Amino acid sequence: MHTERHTIRERLAVVAAALTLLTGGGALIAVPAAAAAAATDARAVTAVTAPAADNGLARTPQMGFNNWNSTHCRAEFNEAMVKGIADTFVSQGLKNAGYTYVNIDDCWALPSRDTAGNLVPDPVRFPGGIKAVADYVHSKGLKFGIYSSAGTKTCDVQGFPGGLGHEQQDANLWASWGVDYLKYDNCNNTGADAKQRYTAMANALKATGRPILYSICEWGENQPWNWAPDLGNSWRTTGDISDSWSSMIGIAHQNQGLAPYAKPGAWNDPDMLEVGNGGMTDTEYRTHFSLWAQMAAPLLIGSDLRSASPATLAILKNTDVIAVDQDSLGKQGTVVASSGGLVVMSKPLADGGRSVTLTNETTSTRTISTTVEAIGIGGASSYTLKDLWSQQTSTTTGTISASVPAHGTVMYRVTPGAPVPPPAGVNQLSDLPWTSAVNGWGPVERDRSNGEQAAGDGRTLTVNGTTYAKGLGTHAASDITYHLGGSCRSLSVDVGVDDESTAGGSAVFRIYRDTALIADSGPRTAADPPRRLSADLAGGTQLRLVVTDGGDGINYDHADWADAKLTCGNGPAAGTHALSDLSWTSAVNGWGPVERDRSNGEQAAGDGRTLTVNGTTYAKGLGTHAGSTITYYLGGSCTTLTTGVGVDDESGGANGSVVFQIYRDGTKVADSGRLTGADASRDLTTSLTGGLELRLVVADSGDGINYDHADWTAPRLTCT
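Every chain is numbered on its own, with residues counted from 1 as its sequence reads. Where totals are concerned, whole chains, interfaces and linings use all residues; where local detail is concerned, this predicted model gives features only for residues with pLDDT of at least 70, and gives and counts side-chain atom pairs only at 80 or more. Note that the side-chain values use all heavy atoms of the structure and ignore hydrogens as well as water.

Caption draft 1: Molecular detail of the overall build of the chain. Only runs of H or I of at least four residues qualify as helices and only runs of E of at least two qualify as strands under DSSP, and these elements are numbered from the N terminus. Across its full length, the chain holds 13 helices and 44 strands. Overall size of the chain, expressed as C-alpha extent along the three principal axes, is 115 × 50 × 45 Å. Partly exposed residues are those whose accessible area sits between 20% and 50% of the maximum for their type, while under 20% is buried and over 50% is exposed, using a 1.4 Å probe and protein chains only. Out of the 720 residues in the chain, the part that is buried amounts to 55%. Excluding contacts between residues fewer than 6 apart, the proportion of contacts in the chain whose partners are at least 24 apart in sequence is 73%. Contacts are residue-level and defined by heavy atoms, with any inter-residue pair within 4.5 Å sufficient.

Pasting the structure below:
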């Protein structure tokens, strides 16, 4: 049910809090389900539309190191370790791979502020002070990060000073030390409003004038994805990770549903990496790293790199996987299929391709398969698949499949070959392959409404009571791209909010030819009738269909592109043509195939005879059988059709009775009336001026289709 779906989205934070242990770097604090539920009410999720924090940072997810997962508050966390990590970044090629930030976590300060209220670095751990460490890190061409909490104390049981009430003083101090990054935790927060606490520090950091990446570590308790993008560069969506398969995969599940909120400068943060800490196998660590990259998550190494194994370094330095995480398009991957522990995710990439993860969460090797259509691309005759772990490259025409070990992930980069333009004619968009499709909730559906998250779970497209057999069911925010190759002329489509949006919904539909906006529906609500949009696509190489929220959040924004007809190519050449010499775009027949210059005959192709109506023979024409529909593409270039019609003599005497009808686009322009085997051929002449499509229809006249062998005799099409 629709209500259930939105409840699931609203409760993501509750699930995260109820199922995990929350800590920001100290003693674990168990949060019971009841307390977690109280922390997050049932308010509807509202899409993030405000710009990300305007500090120019984290245009791709931040990469670096944080000590907590490997040291906690133990004595080995000290100045020598931090400098050693910076050295290792350089010597092991991690800096060249993109890792930039060397961050320290809790326990760096003394338990009390000085008499002026300033934080004081622990002189045992950091005898040279924090500025000296920051300077050392900077000397390596790297950046330095620090930790605090939006409370009276930090999270460790020793209770180091928090930033609540000292925001500007602390921010100024960190800026004076050369700090480039702040992880701001959520412990000992006195119950004060989260947004206000994190806003105070955001303002303080901005006031320093120093670019400081702001990592909000609120654990997802108050749905930070709804407000944190205005304040910081990333926000924790879950409680703390631990070095186990169950913790890692559980956190991935919690983070996967938040993809619509991630964008350049503002990222969902499922916590730091555990790769190399020893609690998982290398196969599981590859899955961990793959999923974090696929989710466009910050990549913060949490193991002691000074003693990292070659296998650990190989995982962390896989530049192909890192490139997926750092892709400039800034899209978080989404789950496109999940069944029985076999999960497929797809992530749009800036080059028009996709990264795909095939993850086996079961305990035995399994084959996982998907298609280019399912992952949101198409329109090409072939696709290159690069396995980002084995480095093997292959090609496919559509199927993507791999044998995946238990707890393993196969990760592909899928790159389409040269796209193929649509065929000439009037095409329903839902019958054509798109080159890219991104949707706000579940997949884009063909000839169905959006429904819920599962593919194919929608219903008949319906806008304000009007139903449609063909079209695309989407959900804001959605962006669908088709390759035109300069060969298409126009698009006509009805747009509106689908009737399955029982609790409202509003959306704006826009059509782009390449980068030019050529049609805009304005805001449409669930109460509005469908609106027809027509778009001139002449010369365009790309068609984009974009749906955005109408201004009140994305809830219930189920948006239909109904009866979307794309007209491509040129019609027949100038002159008069025998219709049987031209190619049709489609032909349906009631008995056997439509025959060219032959009667229908029986079921086999070519088994008819000379077209003959009431004793008159014809060298040219079309032999059909009711019910029959033949469609020709005219492209607006033809003016007249002249044809004879009648029941072929092979029906035997007076047997057979039919009606011949001619349609220009959707308008009937000629009708023969009832004709039987006893009637002579009847002439029909009709104007086709301006028509894009010609349809020749033969219907039974009411006594059944037996012997309804129907001939279009000497049909001549005149075009200019």
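Having seen the structure, we can now continue with the description.
Caption draft 2: Seen up close, the sheet that holds strand 10 (residues 299–301). Taking strand neighbours across the sheet as the criterion, the eight strands line up as 9-8-7-6-5-4-3-10 in an open arrangement whose pairing is parallel. Of all strands in the sheet, those bounded by a partner on one side alone are strand 9 (267–269) and strand 10. Direction aside, neighbouring strands of the sheet carry axes that sit 25 degrees apart on average. Strand pairing is defined by DSSP finding a minimum of two bridges between the two strands. Across four bridges, strand 6 (residues 181–185) lies against strand 7 (residues 213–216) in parallel orientation. If you follow lysine 183 over to strand 7, its bridge partner there is serine 215. Across the sheet, helix 5 (residues 79–91) lies against strand 3 (63–66), strand 4 (101–103) and strand 5 (143–149), angled at about 160 degrees from strand 4, the strand it touches most. With axes taken as lines fitted to C-alpha atoms, and helix axes fitted only over the stretch in contact, angles between N-to-C directions fall between 0 and 180 degrees.

Caption draft 3: Fine view of unusual backbone geometry. Along the chain, alanine 476 connects to alanine 477 via a cis peptide bond; the corresponding omega equals -5 degrees. One can find alanine 477 in the loop between strand 24 (471–475) and strand 25 (478–483). Omega for the bond connecting alanine 626 with glycine 627 falls within 30 degrees of zero, at -20 degrees, which places this linkage in the cis form. When you line up the elements, glycine 627 lands in the loop between strand 37 (621–625) and strand 38 (628–633). Not every positive phi belongs to a glycine, and histidine 72 is a case in point at roughly 50 degrees. For histidine 72, the position within the fold is in the loop between helix 4 (68–71) and helix 5. Overall, histidine 72 belongs to the partly exposed group, its relative accessible area being 34%. Even without being glycine, aspartate 597 reaches a positive phi, approximately 60 degrees. By secondary structure assignment, the location of aspartate 597 is in the loop between strand 34 (595–596) and strand 35 (611–613).

Caption draft 4: Up close: the confidence of the model for the chain. Here pLDDT means the predictor's own confidence in every residue, given as a number from 0 to 100. Looking at the chain as a whole, its pLDDT mean stands at 90, while 93% of the residues score no less than 70. Note that residues 1–52 has pLDDT below 50 and, in this model, 124 contacts with residues that lie over four places away or in other chains.

Caption draft 5: Region of the structure containing the packing of helix 5 against helix 7 (residues 129–139). Between helix 5 and helix 7, the least distance of the axes is 9 Å, while the angle of their chain directions is 15 degrees. As judged from the angle between their axes, helix 5 and helix 7 are roughly parallel. Pair helix 5 / helix 7 crosses with right-handed handedness. Contacts from Glu79, Val82, Lys83, Ala86 and Asp87 in helix 5 reach Gly129, Val133, Tyr136 and Val137 in helix 7. Residues belonging to the contact of helix 5 with helix 7 are distributed by class as follows: five nonpolar, one polar and three charged. An angle below 35 degrees is treated as roughly parallel, one above 145 as roughly antiparallel, one from 65 to 115 as roughly perpendicular, and anything else as oblique. Crossings are assigned a handedness: left-handed for a near helix turned anticlockwise from the far helix by less than a right angle, right-handed for a clockwise turn. Under the grouping applied here, Gly and all other residues not named as nonpolar or charged are polar, the nonpolar ones being Ala, Val, Leu, Ile, Met, Phe, Trp, Tyr, Cys and Pro and the charged ones Asp, Glu, Lys and Arg.

Caption draft 6: Seen up close, the state of the cysteines. Note on disulfides: each one is a pair of cysteine sulfur atoms within 2.5 Å. Applying the stated rule across the entire model yields four disulfides. Residue cysteine 73 pairs covalently with cysteine 107 via a disulfide, S to S 1.8 Å. Disulfide cysteine 73-cysteine 107: torsion about the S-S bond near -130 degrees, hence left-handed. You can see cysteine 73 sitting in the loop between helix 4 and helix 5 and its partner cysteine 107 sitting in the loop between strand 4 and helix 7, a full 34 residues away along the chain. By relative accessible area, which is 14% here, cysteine 73 ends up buried. Paired through a disulfide, cysteine 488 and cysteine 568 show a sulfur-sulfur distance of 2.0 Å. Measuring the twist about the S-S bond at about 85 degrees, one finds the cysteine 488-cysteine 568 disulfide to be right-handed. Here cysteine 568 lies in strand 31 (residues 558–568) and cysteine 488 lies in strand 26 (residues 488–497), a separation of 80 residues in the sequence. Like cysteine 568, cysteine 488 is buried. For the chain, the bonded cysteines connect in the pattern 1-2, 3-4, 5-6, 7-8 when numbered consecutively along the sequence.

Caption draft 7: The packing of helix 8 (residues 167–177) against helix 9 (residues 194–208), seen in detail. In contact at an axis separation of 8 Å, helix 8 and helix 9 are set at 40 degrees when each is read in the N-to-C sense. When the interaxial angle is binned, helix 8 and helix 9 end up oblique. Here the hand of the crossing between helix 8 and helix 9 comes out right-handed. Of helix 9, the residues touching helix 8 (which contributes Glu167, Gln168, Ala171, Asn172, Trp174 and Ala175) are Ala200, Met201, Asn203, Ala204, Leu205, Ala207 and Thr208. For the contact of helix 8 with helix 9, a count of residues per class yields eight nonpolar, four polar and one charged.

Caption draft 8: Main features of the environment of proline 224. Structurally, the position occupied by proline 224 is in the loop between strand 7 and strand 8 (234–236). Taking the C-alpha atoms as reference points, proline 224 and asparagine 268, 44 residues apart in sequence, are found 9.2 Å from one another. Contacts of proline 224, omitting those with residues within four sequence positions, involve Glu218, Pro229, Trp235 and Arg236.

Caption draft 9: The arrangement of the nonpolar core in detail. Nonpolar cores were defined as sets of buried Ala, Val, Leu, Ile, Met, Phe, Trp, Tyr and Cys residues, with membership established by side-chain atoms within 4.5 Å. With 98 residues, the main nonpolar core has Tyr99, Trp108, Phe289 and Trp292 as its most contacted residues. For this core, the element with the most residues is helix 9, which contributes six residues. In contact with tryptophan 108, other than residues within four places in its own chain, are Phe77, Leu119, Pro121, Asp122, Phe126, Ile130, Ile146, Tyr147, Trp174 and Trp177. Listed in part, the 30 residues of the second largest apolar core include Leu429, Leu484, Phe509 and Leu566.

Caption draft 10: Geometry of the side chain of arginine 113. Mapped onto the secondary structure, arginine 113 falls in the loop between strand 4 and helix 7. Here a polar contact means two N or O atoms within 3.5 Å. Within protein one must be a hydrogen donor candidate and the other an acceptor candidate, and residues neighboring in sequence count only if both atoms are side-chain atoms. For arginine 113, the side chain forms a polar contact with the side chain of aspartate 170, separated by 2.8 Å. For arginine 113, the contacting residues outside a window of four places in its chain are Asn118, Leu119, Val120, Pro161, Gly162, Gly163, His166 and Asp170.

Caption draft 11: Fine view of the pattern of salt bridges. Here, a salt bridge means any Lys or Arg side-chain nitrogen found within 4 Å of an Asp or Glu carboxyl oxygen. Taken as a whole, this structure holds 24 salt bridges when the rule is applied. Arginine 413 is paired through a salt bridge with aspartate 351; the nearest N and O atoms lie 3.3 Å apart. Pair noted here: arginine 413 is in strand 18 (residues 409–416) and aspartate 351 is in the loop between strand 12 (342–348) and strand 13 (354–360), with a separation of 62 residues, a long-range link. Shared partners join several salt bridges into a network, and the residues in it are Arg236, Asp240 and Asp271.

Caption draft 12: Examining the sheet that holds strand 12 more closely. Strand order in the open sheet formed by six strands is 11-12-13-18-15-16, with antiparallel pairing between adjacent strands. Both edges of this open sheet fall to strand 11 (334–339) and strand 16 (393–396), since each of them pairs with a single strand only. Going from strand to strand, the sheet's axes swing by 25 degrees on average, the running direction of each strand aside. With five bridges connecting them, strand 15 (residues 383–387) and strand 18 associate as antiparallel partners. The partner of leucine 385 across the bridge, within strand 18, is valine 414. Across the sheet, helix 11 (residues 282–294) touches strand 12, strand 13 and strand 18, and the angle it forms with strand 13 is around 140 degrees.

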